[in-house]
Amino acid sequence: MLGIDKLNLSSLAKQLMGKKKLYWISFIIGVVSGIAALILKNLIHFIGERLVGYFVISSGKYWFLAFPLIGILITVLIVRYLVKDDLSHGVSKILAAISLNKGKIKPHNSFSSMITSSFTIGFGGSVGAEAPVVLTGASIGSNLARFFKLDQAEIMLMIGCGATGAIAGIFKAPIAGVVFTLEVLMLDLTMASLVPLLISGITSAVIAYYFMGDAVLFKFSVIHTFEAVQIPYYILAGVFAGFLSLYFTRVAMSVEKKMKSIKKQSVRLIYGGIALGVLIFLFPPLWGEGYSSINKVFNDMGHNLLDNSLFYDFGDNPWFFAAFLMALLLVKVVAMAITTASGGIGGIFAPTLFVGAVGGYFLAYSLNLVFGLNLPLDNFALAGMGAMMAGVMHAPLLGIFLTAELTGGYELLFPLIIAALAAYITIMRFEPHSIYTKRLAEDGKLVTHNKDRAVLHFMEVGELIETDLKIIDPEATLGDLVKSISKSKRDLFPVVDHDGMLKGMVKMNDIRNLIFKQELYDKIHVKDLMYMPEYYISPKDSMHVVAEKFETSGRFNLAVIDQGKYIGFISRAKVFSIYRNTVRTFSYD
């Protein structure tokens, strides 16, 4: 008993030391990802205000036509000649790394996305900085985890810690960072995994507060309290955001696809840069991330969206202003897609928040204009922002908590929940995948959002093949087969010719009534007893195919054949055993 107790204590001590190590690594990741978020925000501010801002202020708004092209050109040159890798769609790259590459993210992603996106956004590219910094944080987590030789489940967890720290640092919202990781990256939630995520998120947020003070992206003061009579309108706002999310997703992918059909990068860059410049010239709120426009909407300064616009003189006409807002909603996603498809680096986070805030404001403004209602424009802008995130990202909890944390609008949590759920239910009716996962899902490569597919993805056919079955020649007699049966522990016998080609199989159950009839030993040959299996596996098949064949056939063993040559067998029992072991490696407890 004493020996068993010592063994248990030793095991417990190792477990505690392992957790302590993970906590320290998650703390380091929180520090580094928080600093990365600070660097990125300051780079964007420096380029956008100190460099670009100087020319715009001194020379007028016509620089809007040129700067986006210049920013994307600088980005493309850095990517092509220094990075030499694809940096687009940061969150999708994280999901692809988890789905296809066992969580391995290249080291250069720890800084390359930050540098390139700062030029894209600083020069007016209509995208957000969040996806690049999330990829940066995830890369930091992945590479630190591999440096400390953590196992597969722990690597995935540290990727989540990096993403959490990035969101928490850039928005000063640790809870939203955790929710993003759980809801968008689909990490398993256990108490053991939650603690490292919280450590990274809180650490990163503290760093952001320490260096940036109490300043927040959005200043929102609750002036109009929630009234139950407005519930139907918040539901309507959510449904509107759901359809707007569908438009956002479909148009973004369609525009990117059309842009990517232009094979020559230089031509695509010129067309895209010019088109983006024209859009921003016509609609100045499309410039950059768009957070200043959201602040105008929140602070009852919606008409200021017309500042520096050719349409400024028409701002007093309420119908024209409503049409201008609608145009902003429609063209923002086009500007975003053109930016990324032309070679710019950035994400959909900020554009989603922009469209949500302007969309909620537009809906309330239009209802007030047409029906003489007195709906609070700022509250509906807030609800629209949360609802849009729920629809585009398929992340209702993220939409609720990030919006509440960003704005301090917890007093409006109830309408946020109503609008976010309505948007999520609406979009799910038409689009089962978020904008982050749609591309991977269409290629059949999305495993992060399906635990069974994830586990099967990380199993390999080669490690399941069994070769201890006794093979027999098709010309052998029944007597020869009986001798093989006496030496075998299996009840299945592959029939293989001299060239190694599988000719058939013999089952013990099929010949049980013959093996005791010695008079037939020299009269019956194996080729008279064998049958060719209807189902078999290629060594190139994925585990998803293997699982489907076991399910379809109902068989307990399947032959592995490579261009007709016999390789071995895979048994259902071994697949199940390896599956259980793989589940354990991916479930961090």
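The residue count restarts for each chain, going from 1 along the sequence in the order it is written. Owing to the predicted nature of the model, reporting of local features is limited to residues with pLDDT of at least 70; listing and counting of side-chain atom pairs is limited to 80 or more, with chain, interface and lining totals taken over all residues. Processing note: side-chain calculations cover all non-hydrogen atoms of the structure and skip hydrogens and water entirely.

- By the naming in an unreviewed UniProt entry, the protein chain is CIC family chloride channel protein, taken from Sunxiuqinia elliptica.
- UniProt positions are given in the numbering used here, feature names are shortened, and annotations may be inferred rather than shown by experiment. Database annotation for the protein chain, UniProt heading Subcellular location (unreviewed entry): "Membrane".

## Focus on empty space enclosed by the protein
Here is step 1 of the chain: With a 1 Å grid laid over protein atoms only, a set of points is called a cavity when a 1.4 Å probe fits there but cannot get out and a pocket when it is open yet has protein on both sides within 12 Å along at least five of seven lines; lining residues have an atom within 4 Å of a point. Grid points are joined across faces, edges and corners, and a volume is the space filled by probe spheres set on the points. One pass over the structure, following the stated rule, counts 2 cavities of 30 Å³ or more.
Here is step 2 of the chain: When its volume is computed, the second largest cavity comes out at roughly 60 Å³.
Here is step 3 of the chain: Strands are runs of DSSP state E lasting at least 2 residues, helices are runs of H or I lasting at least 4, and numbering of each runs from the N terminus. The set of elements that each furnish at least two residues to the lining of the second largest cavity consists of helix H9 (231–260), helix H13 (349–371) and helix H14 (377–392).
Here is step 4 of the chain: Residue composition of the lining of the second largest cavity, grouped by class: 7 nonpolar, 4 polar and no charged. Residue polarity is assigned by list, with Asp, Glu, Lys and Arg as charged and Ala, Val, Leu, Ile, Met, Phe, Trp, Tyr, Cys and Pro as nonpolar; anything else, Gly included, falls into the polar class.

## With respect to the pattern of salt bridges
Here is step 1 of the chain: Any carboxyl oxygen of Asp or Glu that lies within 4 Å of a side-chain nitrogen of Lys or Arg is treated as forming a salt bridge with it. Enumeration over the complete set of coordinates arrives at 6 salt bridges.
Here is step 2 of the chain: We note a salt bridge from Lys41 to Glu289, for which the minimum N-O separation is 3.4 Å. Placement of the pair is Lys41 in helix H1 (residues 2–59) and Glu289 in the loop between helix H10 (265–282) and helix H11 (291–298), with a sequence separation of 248 residues. The pair Lys41 / Glu289 is uniform in exposure class, with both members buried.
Here is step 3 of the chain: Residue Arg490 is joined to Glu466 by a salt bridge in which the shortest nitrogen-to-oxygen separation is 3.1 Å. Of this pair, Arg490 sits in the loop between helix H19 (478–487) and strand S1 (492–496) while Glu466 sits in the loop between helix H18 (451–457) and H19, placing them 24 residues apart in sequence. In this scheme, a residue with accessible area under 20% of its type's maximum is buried, one over 50% is exposed, and one in between is partly exposed, where area comes from a 1.4 Å probe on protein chains only.

## Things to note about the packing of H11 against H13
How two helices sit against one another is set out by the angle between their axes and by the gap between those axes.
Here is step 1 of the chain: Axis definition: a line fitted to C-alpha atoms, over the contacting stretch in the case of helices. Angles run 0 to 180 degrees between N-to-C directions. Packing of H11 against H13 brings their axes to within 9 Å, and their N-to-C directions diverge by 25 degrees. Taken together, the axis directions place H11 and H13 in an arrangement best described as roughly parallel. Crossing of H11 against H13: the hand is left-handed. For the pair H11 and H13, the contacting residues are Tyr291, Ser293, Ile294 and Val297 in the first and Ala350, Leu353, Phe354, Ala357, Val358 and Tyr361 in the second.
Here is step 2 of the chain: Classifying every residue of the contact of H11 with H13 gives 9 nonpolar, 1 polar and no charged. In this scheme, roughly parallel covers angles under 35 degrees and roughly antiparallel covers those over 145, while 65 to 115 is roughly perpendicular and the rest are oblique. If you view the pair so one helix is near and one far, a crossing is left-handed when the near helix is turned anticlockwise from the far one by less than a right angle, and right-handed when it is turned clockwise. The criterion used for residue contact is that any of the two residues' heavy atoms lie within 4.5 Å.

## Notes on the nonpolar core
Here is step 1 of the chain: With 123 residues, the main nonpolar core has Phe171, Phe180, Phe349 and Leu398 as its most contacted residues.
Here is step 2 of the chain: Buried Ala, Val, Leu, Ile, Met, Phe, Trp, Tyr and Cys residues that are joined via side-chain atoms within 4.5 Å together make up what is termed a nonpolar core. Within the second largest apolar cluster, 16 residues are counted, among which are Ala476, Leu478, Leu481 and Leu529.

## Some remarks on unusual backbone geometry
Here is step 1 of the chain: The backbone of Lys84 shows a phi angle near 55 degrees, a positive value even though the residue is not glycine.
Here is step 2 of the chain: Along the chain, Lys84 turns up in the loop between helix H2 (67–83) and helix H3 (90–100).

## Some words on helix H15 (residues 396–407)
Here is step 1 of the chain: Expected helix span is given by 1.5 Å per residue-to-residue step, counting one fewer step than there are residues. For H15, built from 12 residues, the straight-helix expectation of 16 Å at 1.5 Å per residue is met to within 8% by its first-to-last C-alpha distance of 17 Å.
Here is step 2 of the chain: Most of H15 is tucked away, with 10 of its 12 residues classed as buried.
Here is step 3 of the chain: Those residues of H15 that sit buried are Pro396, Leu398, Gly399, Ile400, Leu402, Thr403, Ala404, Glu405, Leu406 and Thr407.
Here is step 4 of the chain: Here the buried face of H15 lies against helix H6 (152–171), helix H7 (174–183), H11, H13, H14 and helix H16 (413–430).

## Some points on the packing of H6 against H7
Here is step 1 of the chain: Contact geometry for H6 and H7: axes closest at 7 Å, N-to-C directions at 140 degrees. Between H6 and H7, the angle is such that the two are oblique. At the point where H6 passes H7, the crossing takes the right-handed sense. Between H6, through Gly160, Ala163, Thr164, Ile167 and Ala168, and H7, the contact on the second element is made entirely by Pro174, Ala176, Gly177, Val178, Phe180 and Thr181.
Here is step 2 of the chain: Class assignment for the residues of the contact of H6 with H7 results in 7 nonpolar, 4 polar and no charged.

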